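Letter by letter, the chains look like this.
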Amino acid sequence: MAEGPGRGKTRRVPAVKQIKLALQGGGAHGALTWGVLDRLLADESLEIQAVSGASAGAVNGAALAHGLASGGRETARETLAQLWRGAANATQFTPFKPALLDRWFSAGGLNFSPAYQLVDVFSRLVCPFDPNIMGLSPLRQLLEDHIDFSRLRETAGIDLFISATDALDGRARIFSRAELTVDALMAATCLPLMQRPVTIDGRPYWDGGYVANPPLHHLAKENSAQCDGPKDSRAIDIVLVQLTPFQFEDLPGHAAGIMDRLTAIAFNAGLLRELQHIEFVNKMVAAGQAGDGYRPIHLHVIHAEDVVANLDATSKLNVDWDFLRELFDIGQARADAWLADNRKKLGRASSFQSDSLYV
């Protein structure tokens, strides 16, 4: 307890709640996660112990970890803001942005953008393996400008786990903080129809969302040998920032929507399996059958399913600043509402029941 200034009275200092973050991928929708992270970083009663991420979630996670290692919470908030502002600036003077008709009739989409239509047709007709096709990568330059990967690897800090998909056998490759390079982050965000696979240690990799969106196993593991943090730090609250809805109300009515829905199903398949595993372990712990070293894992989800499910399929490629800021504001509001409703459950119980997802 601490004394209030000038009154000689004690005031209650909120107990610090330890959490681990699991960040889904979703292209430009990752700006919503940026808003969530900004709100969580502003709350000094929360201590982020570890982050896992896939695709855009991997980028957000790496920026968060780098900012914390470089200067703390405020630096992390600034790093995230600069990264997303940089993404918007990279397309500010290009035709790859929403057309006037998109702003009128499309929910964040690019359907009327000539540049998007050209790239969409091009990606379906030309293999990205071909020489000089889609070889430019503004994302790589953006990451190198805002994240010092050497400092990130060599400086102690929160645990970080980034997923990529092995394009030869379909297995997940999880890059820890000590392994993270710009190539690893590019692999975690590599869209198969638009980019060449990223080769690391002789293996080609695609977007990590296909197999672990995001990876939960490494967050749930106690005393993992891959963890860089102290062995006695055992947060048992995992907060999933969800960008891919678990459920939709309607069937898509056009080809782009169908492809987007198939991707959403694939991106959630691995996550659902991991949630089932956590639920199983929790039941074993409750029954006293899990053995030493296991503790119950409390699951929490911050999402905006009602918003994301209604966004146009092409909006994941929309990095127009107005659109990103809109998503950021939604993320902040959803994080604020989640904290108001569930802060007291942290360290005590789950606020999300994963068994509701299974038949």
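See the structure shown above.
Residues numbered from 1 in each chain as written. Predicted model: local features only at pLDDT ≥ 70, side-chain atom pairs only at ≥ 80, totals over all residues. Heavy atoms only, no water.

**Student:** Summarise the packing of aromatic side chains; cite the residues concerned and give the values.
**Tutor:** Following the criterion strictly, the structure yields six aromatic pairs and no others. Between Trp34 and Phe328 the ring centres are 4.2 Å apart and the planes differ by 45 degrees, which places this aromatic pair in the tilted class. Note that Trp34 is positioned in helix α1 (residues 30-41) and Phe328 in helix α12 (residues 321-342), a separation of 294 residues in sequence. Pair check on accessibility: Trp34 and Phe328 agree, each one buried. (Phe/Tyr/Trp six-rings, centres within 6.5 Å; stacked < 30°, edge-to-face > 60°. Helix = DSSP H or I, 4+ residues; strand = E, 2+ residues; numbered from the N terminus. Buried < 20%, exposed > 50% of the residue type's maximum accessible area, 1.4 Å probe, protein only.)

**Student:** Explain the environment of Glu44 residue by residue, including any values.
**Tutor:** Tracing the backbone shows Glu44 in the loop between α1 and β4 (46-54). The residues contacting Glu44, other than those within four sequence positions of it, are Val16 and Arg73. (Contact = heavy atoms within 4.5 Å.)

**Student:** Describe the pattern of salt bridges, with residues and values.
**Tutor:** Pairing is possible between side chains of opposite charge, provided their charged atoms come close. Applying the stated criterion across every chain yields a total of 13 salt bridges. Linking Glu74 and Arg77 is a salt bridge whose minimum nitrogen-to-oxygen distance equals 3.1 Å. Residue Glu74 and its partner Arg77 are both found in helix α3 (residues 73-90); the two are separated by three residues, about one turn of the helix. For Glu74, a relative accessible area of 45% corresponds to the partly exposed category. The salt bridge partner of Glu179 is Arg173, with a shortest N-O separation of 3.9 Å. It is possible to trace a salt-bridge network through shared partners that takes in Asp38, Glu74 and Arg77. (Salt bridge = Lys/Arg side-chain N within 4 Å of Asp/Glu carboxyl O.)

**Student:** If you had to explain helix α2 (residues 56-71) to someone new, which residues and values would you point to?
**Tutor:** The terminal C-alpha atoms of α2, which comprises 16 residues, lie 23 Å apart, in line with the 22 Å expected from a rise of 1.5 Å per residue. Every buried residue of α2 is accounted for by Ala56, Gly57, Ala58, Val59, Asn60, Gly61, Ala62, Ala63, Leu64, Ala65, His66 and Gly67. Looking one or two places after α2, you find Gly72, whose phi comes out positive at around 100 degrees. (Expected span 1.5 Å × (residues − 1).)

**Student:** Outline the layout of surface pockets, listing residues and values.
**Tutor:** To find leftover empty space, a probe the size of one water molecule is rolled over the atoms. By volume, the second largest pocket amounts to about 530 Å³. Along its surface, the second largest pocket is lined by 27 residues, and Phe248, Arg261, Ala309, Asn310 and Leu311 are the ones closest to its centre. Where the lining of the second largest pocket is concerned, the elements lending two or more residues are α10 (255-286) and α11 (305-308). Looking at the lining of the second largest pocket, the element that brings in the most residues is α10, giving four residues. (1 Å grid on protein atoms, 1.4 Å probe; cavity = no way out; pocket = protein on both sides within 12 Å on 5 of 7 lines; lining within 4 Å. Points joined across faces, edges and corners; volume = space filled by probe spheres on them.)

**Student:** Please give an account of the packing of α1 against α2 that cites residues and values.
**Tutor:** Two elements in contact, α1 and α2, have axes separated by 9 Å at closest approach and are oriented at 30 degrees. As judged from the angle between their axes, α1 and α2 are roughly parallel. Of the two possible hands of crossing, α1 and α2 adopt the one that is right-handed. Mapping the contact onto sequence places Gly30, Thr33, Trp34, Leu37 and Leu41 in α1 and Ala56, Asn60, Leu64 and Leu68 in α2. Its residues assigned to classes, the contact of α1 with α2 shows six nonpolar, three polar and no charged. (Axes fitted to C-alpha atoms, helices over the stretch in contact; angles between N-to-C directions. Parallel < 35°, antiparallel > 145°, perpendicular 65-115°, else oblique. Left-handed = near helix turned anticlockwise from the far one by under 90°. Nonpolar A, V, L, I, M, F, W, Y, C, P; charged D, E, K, R; others polar.)

**Student:** Let's hear about the packing of α1 against α12: which residues, and what values?
**Tutor:** In contact at an axis separation of 6 Å, α1 and α12 are set at 45 degrees when each is read in the N-to-C sense. Here α12 runs oblique to α1, going by the angle between their axes. Seen along the crossing, α1 lies across α12 with a hand that is right-handed. Each of Ala31, Leu32, Trp34, Gly35, Val36, Asp38, Arg39 and Leu40 in α1 lies in contact with α12, whose residues at this interface are Trp321, Leu324, Arg325, Leu327, Phe328, Ile330, Gly331, Gln332, Ala335, Asp336 and Leu339. Residues that form the contact of α1 with α12 fall into these classes: 12 nonpolar, three polar and four charged.

**Student:** An account of the environment of Trp321 is requested, with residue identities and associated values reported.
**Tutor:** Topologically, Trp321 is positioned in helix α12. On a C-alpha basis, the gap between Trp321 and Ala87 in space is 8.5 Å, while along the polypeptide they are 234 residues apart. Setting aside residues up to four positions removed in sequence, Trp321 forms contacts with Trp34, Trp84, Arg85 and Ala88.

**Student:** Help me get a handle on the side chain of Asn213, residues and values and all.
**Tutor:** Tracing the backbone shows Asn213 in the loop between β8 (203-207) and α9 (217-220). A polar contact of 2.8 Å, which involves the side chain of Asn213, links it to the backbone nitrogen of Gly25. Beyond its immediate stretch of four places on either side in the chain, Asn213 contacts Gln24, Gly25, Ala54, Gly208, Thr244, Phe267 and Leu271. (Polar contact = N/O pair within 3.5 Å; in protein donor to acceptor, adjacent residues only side chain to side chain.)

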